[in-house]
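Next come the chains, spelled out residue by residue.
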Amino acid sequence: MTAAREVDVAIVGAGDVGAAIARELARFELRLAIIDAGDVGAGTSKANTAILHTGFDAKPGTMEARLVARGHALLTAYAEEVGIALERTGALLVAWSDEQRARFPEIEEAAARNGYRRLRRVAPDELYRREPHLGPGAVGALEVPDECVVCPWTPPLACATQAVLAGADLHRHTRVTGLRRPAGGAWRLQSTRGALSARWVVNAAGLRADELHRMAGRDGFAITPRRGELIVFDKLSRPLVGHVLLPVPTATTKGVLVAPTVFGNVMLGPTAVDIQDKADTATTGEGLAALRAAVRRIMPALLSYEVTATYAGLRAATEHSDYVLEADAAERYVCVGGVRSTGLSSALALAEWVRDQLEAAGEPLRERREGLPAIRMPNLGERAPRPYRQPERIAADRAYGDVVCFCERVTRGEIRDAARSPVPATDLDGLRRRTRALMGRCQGFYCGARVARLLAEHSRLTTGELWERPS
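To start, this report covers the structure provided alongside it. Each chain has its residues counted from 1, following the order in which its sequence is written. Thresholds applied to this predicted model are a pLDDT of at least 70 for local features of residues and 80 or more for the giving and counting of side-chain atom pairs; totals over whole chains, interfaces and linings are not thresholded and use all residues. To obtain the side-chain values, all non-hydrogen atoms of the structure were used and water was disregarded.

**Section: the pairing of strand E5 (residues 91–95)**
So, step 1. Counted residue by residue, E5 has 5 buried out of 5 residues, so it is predominantly covered.
So, step 2. Neither face of E5 is exposed, since Ala91, Leu93 and Ala95 on one face and Leu92 and Val94 on the opposite face are all buried.
So, step 3. Note: two strands are recorded as paired if DSSP finds a minimum of 2 bridges between them. Secondary structure elements are defined from DSSP: runs of H or I of at least 4 residues count as helices, runs of E of at least 2 residues count as strands, and each element is numbered from the N terminus. Taken together, the 5 bridges between E5 and strand E7 (residues 140–144) define a ladder with antiparallel strand orientation. Note on E7: the bridge partner recorded for Ala91 is Val144.
So, step 4. Direction of pairing for E5 relative to strand E14 (residues 244–247): parallel, over a ladder of 4 bridges. In the sheet register, Leu92 faces E14, and the bridge partner there is Leu245. Residue burial is assigned from relative accessible area. The probe radius is 1.4 Å, only protein chains are included, and a residue is buried under 20% of its type maximum, exposed over 50%, and partly exposed in between.

**Things to note about the packing of helix H11 (residues 412–420) against helix H13 (residues 448–459)**
So, step 1. The axes used here are C-alpha line fits, helices contributing only the stretch in contact, and every angle between their N-to-C directions lies in the interval 0 to 180 degrees. Put simply, H11 and H13 touch, their axes get as near as 9 Å, and they point 40° apart. Taken together, the axes of H11 and H13 are oblique relative to one another. Remark: the crossing between H11 and H13 carries right-handed chirality. Here Arg412, Ile415, Arg416, Ala419 and Arg420 of H11 come into contact with H13, specifically with Arg450, Val451, Leu454, Leu455 and His458.
So, step 2. Charged means Asp, Glu, Lys or Arg here, nonpolar means Ala, Val, Leu, Ile, Met, Phe, Trp, Tyr, Cys or Pro, and polar covers whatever is left, Gly included. Here the residues of the contact of H11 with H13 sort into 5 nonpolar, 1 polar and 4 charged. Between 65 and 115 degrees an angle is taken as roughly perpendicular, under 35 as roughly parallel, over 145 as roughly antiparallel, and anywhere else as oblique. Crossing chirality is assigned from the near helix's rotation relative to the far helix, an anticlockwise turn below a right angle marking it left-handed and a clockwise turn marking it right-handed. What makes two residues a contact is simply this: any of their non-hydrogen atoms within 4.5 Å.

**With respect to the packing of helix H1 (residues 16–25) against helix H6 (residues 154–165)**
The description of two helices packed together rests on the angle between their axes and the distance between the axes.
So, step 1. Where H1 contacts H6, the two axes come as close as 8 Å, and the packing angle between them is 30°. Here H1 lies roughly parallel to H6, going by the angle between them. For H1 against H6, the interelement crossing comes out left-handed. Here Asp16, Ala19, Ala20, Ala22 and Arg23 of H1 come into contact with H6, specifically with Pro156, Cys159, Ala160, Gln162 and Ala163.
So, step 2. Split into classes, the residues belonging to the contact of H1 with H6 amount to 7 nonpolar, 1 polar and 2 charged.

**A look at helix H9 (residues 343–360)**
Helical geometry note: an α-helix holds 3.6 residues per turn, so side chains three or four residues apart project in the same direction.
So, step 1. An expected span of 1.5 Å times one less than the residue number is assigned to each helix. In a regular helix each residue adds 1.5 Å, so 18 residues correspond to 26 Å; H9 covers 24 Å between its end C-alpha atoms and thus fits that length.
So, step 2. A residue's bend is given by the angle between axes fitted to the 7 residues ending at it and the 7 residues starting at it. Of all the bends found along H9, the most pronounced is centred on Ala349 and spans about 35°.
So, step 3. Counting buried positions along H9 gives 13 out of 18 residues, so the element sits mostly inside the fold.

The following block contains the structure:
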């Protein structure tokens with residue numbers, strides 16, 4: 001980061017929300033900088049449930065309810081435009097007791113208030129016809145036909161790619177350490193890689209948004225990380241599940257769900273436990289035991305399948321029941337905080353909200369004549385052909401026929417492309433999210449050394465740096 005560099009807007013955070021904001025603002029003649037302590041999408045965004053929510057179960061009247069509904073429409077269209085893997089599985093909200101079923105009218109009324117009127121009641125006999133591997137005892141369900149499963153990693157990468165191609169400066173592995181604004185002047189951001197001046201600061205720092213908010217001389221919220229642990233089952237379990245299987249939510253959590261993934265696995269989770277350490281993404285014996293206990297009721301057959309991976313994500317929970325959205329035109333500061341578990345679904349709508357705040361504050365937003373660069377992202381889903389199954393592509397470039405990661409069928413060509421892309425992988429964690437390499441049954445035991453060697457060849461880093469670099 002060059003000390004003398006001055007931009008119009010500095011966006012702190014390159015997760016789902018920050019990257020979407022960068023993409024939206026890149027439509028205009030603005031000098032942009034995107035700053036993140038890790039890689040694009042490497043924080044909370046990489047460890048969510050990968051569900052594109054409709055917002056049917058959001059609290060009516062909240063910004064979250066409005067923005068998730070809008071974001072669902074935007075991301076559905078964007079996925080088709082740029083090639084993000086998405087499956088329209090629909091969801092079934094399953095009641096396991098008469099008390100839970102008695103809440104259906106309340107849930108339907110709230111969904112209608114949120115503008116979603118496509119819920120449909122499903123009787124037990126139909127429910128078991130559609131999901132024959134459900135555990136015994138379900139008394140009915142509500143169908144939510146528009147819930148989808150989506151690749152959780154490609155959306156922020158796609159947004160960041162378009163922003164970078166449009167001229168935005170991306171500063172990865174750069175932590176903001178100070179923020180001040182002299183009276184009447186531009187914001188001065190100090191970081192681990194130098195200083196930056198910006199007329200506007202957009203705070204999309206996720207788990208650290210409250211800390212950046214305080215750096216800006218403000219208060220009003222504090223983030224308490226909410227850890228959600230999840231279990232990913234082997235691909236052989238995928239035929240067990242046809243829909244996202246949701247629980248009836250409580251006042252404090254949406255509960256444990258079972259869902260297919262676009263990668264061909266089945267996912268179980270998350271837990272919801274408030275912790276203090278914003279870097280503690282370790283799974284726990286208690287959390288995994290709680291998930292296994294829950295699945296014994298939801299779908300006991302899952303327990304006979306191998307576990308491919310376990311992981312934990314941290315959600316940016318605050319003391320407020322809604323997003324923390326703030327725009328100060330005089331100070332030229334915007335905060336997008338407390339987004340919790342719906343950032344993937346609402347990100348593109350939050351980006352529109354930020355754009356509108358800048359416009360309302362009098363910021364001249366002149367659209368670029370050339371518009372956003374058109375892109376097509378690598379397909380990571382199983383519903384569309386991947387390179388190893390494309391004879392024409394292999395004939396043109398044999399690297400796409402050289403499978404390196406056999407568990408996930410990732411080829412040498414894909415690893416090369418990830419290292420040479422506009423937002424390249426610079427470590428193995430980043431490569432996982434761009435290609436699926438190292439994420440299968442063996443977790444890199446068989447292919448790890450070759451994968452690291454190939455990435456090193458294209459990234460000018462040593463294999464040791466690729467394993468050790470924090471994301």
